[in-house]
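So the chains spell out like this:
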Amino acid sequence: MRTTRLVVALLLAGCSLFAAAQSPAAAYTGPLFDAHLHYNDEAWMSAHPVEDALGRMQRSGVRAIIANSRPNEGTRTLASATEQTRRAGVTVVPFIRLYRNRADYNSWFQDQSIVDMVMKELAAGTPAGPYRGLGEFHLYDSANANGAVARQLMQLAQQRGLAVLAHVDDSAIDLLMAHAPQARLIWAHTGIGGTSPERVRALLNRYPLLMGELSYRPGLTEADGQLSPAWRALMTDFPTRFMVGSDTWVNARWQGYEGLMADARRWLGGLPPELARRIAWGNGAALFGLPSD
């Protein structure tokens, strides 16, 4: 009888361990820093006024954002809503986007009037404080990283301590960093074209100030919504180098904002708590001098 009870106990323990191993990790519940938020004219002028946008952030537990918009009026609109952002508990970190309109996406890197616009914006600042960075910008051909304006703005960012949010491929990372080795470059999507985790690792090793933002990153998670082994290893090995983001480039992303943040919370929950909080909040907070808690 005693042997039977022992066998049953061992079987139950084994089942409990198996069930625990199969149970999904609890979602991360701490604060989020959204390191890639656009408030473009089609959002703020009609579909998603300030109260709506801030409500989505508040419901998602987002406590700070990198705001960059086409045109920059969208960012100024958020930065000017000081009482509303205070009530929502959201800190606006304003960036200067290099686009006045969609045409600028394809020519900014060689257009001197973009530099003039940037200098004007820097001089004016925002009600939320000075601009803290440049971008997001795109380079659809990595060779355009050697454009005169691209070089000039990277060097300006380095001189003034501005972060740079760049949607580029891995080759352009090398070219941009050659212009300004001490620039604080945030790699939007950390290789949206599918740069291998091995190549990402090599670039993080090569450039100590390079950081990765993780929206739209192909291969980041598996079918269960948890990190792939390669990306989990990258975050474990480079705990201070990654941030989450939403990339609200179209209104559909605004409409699904809470779901995007819930997806991030799901895979963050599969990480050790200290690492999850670093990536969710601490790395962005440290980069821009916000409280760590």
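Above this text sits the structure in question.
Conventions and cut-offs
Residues numbered from 1 in each chain as written. Predicted model: local features only at pLDDT ≥ 70, side-chain atom pairs only at ≥ 80, totals over all residues. Heavy atoms only, no water. Helix = DSSP H or I, 4+ residues; strand = E, 2+ residues; numbered from the N terminus. Buried < 20%, exposed > 50% of the residue type's maximum accessible area, 1.4 Å probe, protein only. Contact = heavy atoms within 4.5 Å. Lys, Arg positive; Asp, Glu negative; His and termini not counted. Charge placed at Lys NZ, Arg CZ, Asp CG, Glu CD. Axes fitted to C-alpha atoms, helices over the stretch in contact; angles between N-to-C directions. Parallel < 35°, antiparallel > 145°, perpendicular 65-115°, else oblique. Left-handed = near helix turned anticlockwise from the far one by under 90°. Nonpolar A, V, L, I, M, F, W, Y, C, P; charged D, E, K, R; others polar. Phe/Tyr/Trp six-rings, centres within 6.5 Å; stacked < 30°, edge-to-face > 60°. Salt bridge = Lys/Arg side-chain N within 4 Å of Asp/Glu carboxyl O. Core = buried A, V, L, I, M, F, W, Y, C linked by side-chain atoms within 4.5 Å. Pairing = 2+ DSSP bridges. Patch = residues over 30% accessible without salt bridge, like charges linked within 9 Å, V, L, I, M, F, W, Y side chains within 5 Å. Areas by Shrake-Rupley, 256 points an atom, 1.4 Å probe, with all protein chains shown as cover.

J.: Help me out: how do you make sense of the overall build of the protein in this one?
T.: The helix and strand tally for the protein stands at 13 helices and 8 strands. With the C-alpha coordinates of the protein rotated into their principal frame, the extents come out at 85 × 40 × 30 Å. For the protein, the residues scored as buried account for 52% of the 293 residues in total. Across the protein, the fraction of contacts at a sequence separation of at least 24, relative to all contacts at a separation of at least 6, is 76%. Placing the 28 positive and 26 negative side-chain charges of the protein at their respective mean positions leaves the two points 7 Å apart.

J.: Mind showing me how you'd approach helix H3 (residues 50-59) here?
T.: Three- or four-residue spacings in an α-helix give side chains the same orientation, since the helix completes a turn every 3.6 residues. Along H3, the residues classified as buried are Val50, Ala53, Leu54, Gly55, Arg56 and Met57. Considering only its buried residues, H3 is in contact with strand S1 (32-37), strand S2 (62-67), helix H4 (73-80), helix H5 (82-88), helix H11 (251-255) and helix H12 (257-268).

J.: In this structure, what is going on with the packing of helix H6 (residues 112-124) against helix H7 (residues 148-160)? I would like to understand it.
T.: When two helices pack together, their arrangement is given by the angle between their axes and by how far apart the axes lie. For the pair H6 and H7, interaxial distance at closest approach is 9 Å and the crossing angle is 20°. The angle between H6 and H7 falls in the class roughly parallel. Both H6 and H7 take part in a crossing whose hand is right-handed. Residues Gln112, Ile114, Val115, Val118, Met119 and Leu122 of H6 lie in contact with H7, whose contacting residues are Val149, Gln152, Leu153, Leu156 and Arg160. The class makeup of the residues in the contact of H6 with H7 is 8 nonpolar, 2 polar and 1 charged.

J.: Help me understand the packing of aromatic side chains in this model?
T.: To describe a pair of aromatic rings, one takes the distance between the centres and the angle between the planes. This structure, assessed with the given rule, holds 9 aromatic pairs. Ring geometry for Tyr39 versus Trp254: centroids 5.8 Å apart, planes at 70°, classification edge-to-face. Here Tyr39, found in the loop between S1 and helix H2 (41-47), pairs with Trp254, found in helix H11; they are 215 residues apart in sequence, far enough to count as distant. Each of the two residues, Tyr39 as well as Trp254, counts as buried.

J.: Explanation requested: the pattern of salt bridges in the structure shown.
T.: Pairing between side chains becomes possible if they bear opposite charge and their charged atoms approach one another. Applying the stated criterion to the full structure yields 19 salt bridges. Across the pair Glu136 and Arg97 runs a salt bridge whose closest N-O atoms are separated by 3.2 Å. Residue Glu136 is found in strand S4 (residues 133-138), and its partner Arg97 is found in the loop between strand S3 (91-96) and H6; the two are separated by 39 residues along the sequence. Two residues, Arg100 and Asp104, come together in a salt bridge whose shortest N-O distance is 2.9 Å. Classification of Asp104 by relative accessible area gives buried; the value is 4%. Residues joined by salt bridges that share partners form a network here, namely Asp41, Glu42, Arg70 and Arg102.

J.: Hey, could you run me through the nonpolar core in this one?
T.: Buried together is how nonpolar side chains tend to be arranged in soluble globular proteins. Counting 94 residues, the largest nonpolar core has Trp108 and Trp267 as the members making the most contacts within it. A total of 7 residues in this core trace back to one element, the largest contributor, which is helix H13 (residues 273-287). The contacts of Trp108, once residues within four sequence positions are left out, are Leu98, Tyr99, Ile114, Phe137, His138, Leu139, Val149, Ala150 and Leu153.

J.: Help me understand the pairing of S4, please; the structure alone is not making it clear to me.
T.: Walk down a regular strand and you will see the side chains alternate between the two sheet faces. The buried fraction of S4 is high, at 6 of 6 residues. Both S3 and S4 contribute to a ladder of 2 bridges, which runs parallel. Note that in S4 the partner of Phe95 across the bridge is Gly133. Of the pairings in the sheet, the one linking S4 to strand S5 (residues 163-167) comprises 5 bridges and is parallel in character. Within S5, the residue paired with Leu134 across the bridge is Val164.

J.: Which parts of the structure should I look at to understand unusual backbone geometry?
T.: Glycine aside, residues mostly have negative phi, and peptide bonds are mostly found in the trans state. With an omega of -10°, the peptide bond running from Arg70 to Pro71 counts as cis. Tracing the chain through its elements places Pro71 in the loop between S2 and H4. In this structure, Glu136 follows Gly135 across a cis peptide bond, with omega equal to 10°. Of note in the backbone geometry, His189 takes a positive phi value of approximately 70° without being a glycine. Along the chain, His189 falls in the loop between strand S6 (184-187) and helix H9 (197-206). The phi dihedral of Thr190 is positive, around 45°, even though this residue is not glycine. In this fold, Thr190 is placed in the loop between S6 and H9. The exposure class assigned to Thr190 is buried, which follows from its relative accessible area of 1%.

J.: Hey, could you run me through a nonpolar patch on the surface in this one?
T.: Together, Ile192, Tyr216 and Trp249 make up a nonpolar patch on the protein surface, roughly 280 Å² of accessible area in all. Residue placement: Tyr216 occurs in the loop between strand S7 (211-213) and helix H10 (229-237). The partly exposed category is assigned to Tyr216, whose relative accessible area is 36%.

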